[in-house]
Amino acid sequence: CVLTDGSYQCECRNGWIKNPGNSSDCIDVDECFLENAGCAQLCINSEGSYQCDCKVGWTVDPSNTSDCVDINECINNNGGCVDTECYNTEGSYYCVKKCD
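Since the structure is predicted, the reported quantities are computational estimates derived from the model, not experimental observations.

Visitor: Is there a simple way to explain the overall build of the protein chain in this structure?
Guide: Each helix and strand in the protein chain was counted, giving zero helices and 10 strands. Element order for the protein chain, N to C, with α for helix and β for strand: β-β-β-β-β-β-β-β-β-β. Radius of gyration (C-alpha) of the protein chain: 23 Å, far over the 13 Å computed for a compact globule of 100 residues. Seen along its three principal axes, the alpha-carbon backbone of the protein chain occupies a region of about 85 × 25 × 20 Å.

Structural data, given as structure tokens:
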């Protein structure tokens, strides 16, 4: 609450809005509902906030947490490809048998 001249006024913290049914209560804003909160792929709403996440094969870009970058699965252990070549694709990878 914020003191005013001879009274007070209830305000909500960031990520919350006044409940239309009860102006002294605050309810969570679902930031993900409007334009996915600017997240490139997935948006996860939480009380008073949200976070961006990525689909399988992608990871959150450390330089811009609303963007996703491809994970190069082939970098670690040849992507698990045994006796084959690993080829990275956007969001995935595949194994191809080596020619002798």
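And the narrative resumes.
Visitor: Help me out: how do you make sense of the state of the cysteines in this one?
Guide: Covalent bonding between the sulfur atoms of two cysteines defines a disulfide. Taken as a whole, this structure holds six disulfides when the rule is applied. Cys 12 shares a disulfide with Cys 26; S-S distance 2.2 Å. Judged by the torsion about the S-S bond (-90°), the Cys 12/Cys 26 disulfide is left-handed. Placement of Cys 12 in the loop between β2 (7-9) and β3 (16-19) and of Cys 26 in strand β4 (residues 22-28) is noted, with a sequence separation of 14 residues between them. You can call Cys 12 partly exposed: its relative accessible area is 23%.

Conventions and cut-offs
- Residues numbered from 1 in each chain as written.
- Predicted model: local features only at pLDDT ≥ 70, side-chain atom pairs only at ≥ 80, totals over all residues.
- Heavy atoms only, no water.
- Helix = DSSP H or I, 4+ residues; strand = E, 2+ residues; numbered from the N terminus.
- Rg over C-alpha atoms; globule rule 2.2 N^0.38 Å.
- Disulfide = S-S within 2.5 Å.
- Buried < 20%, exposed > 50% of the residue type's maximum accessible area, 1.4 Å probe, protein only.

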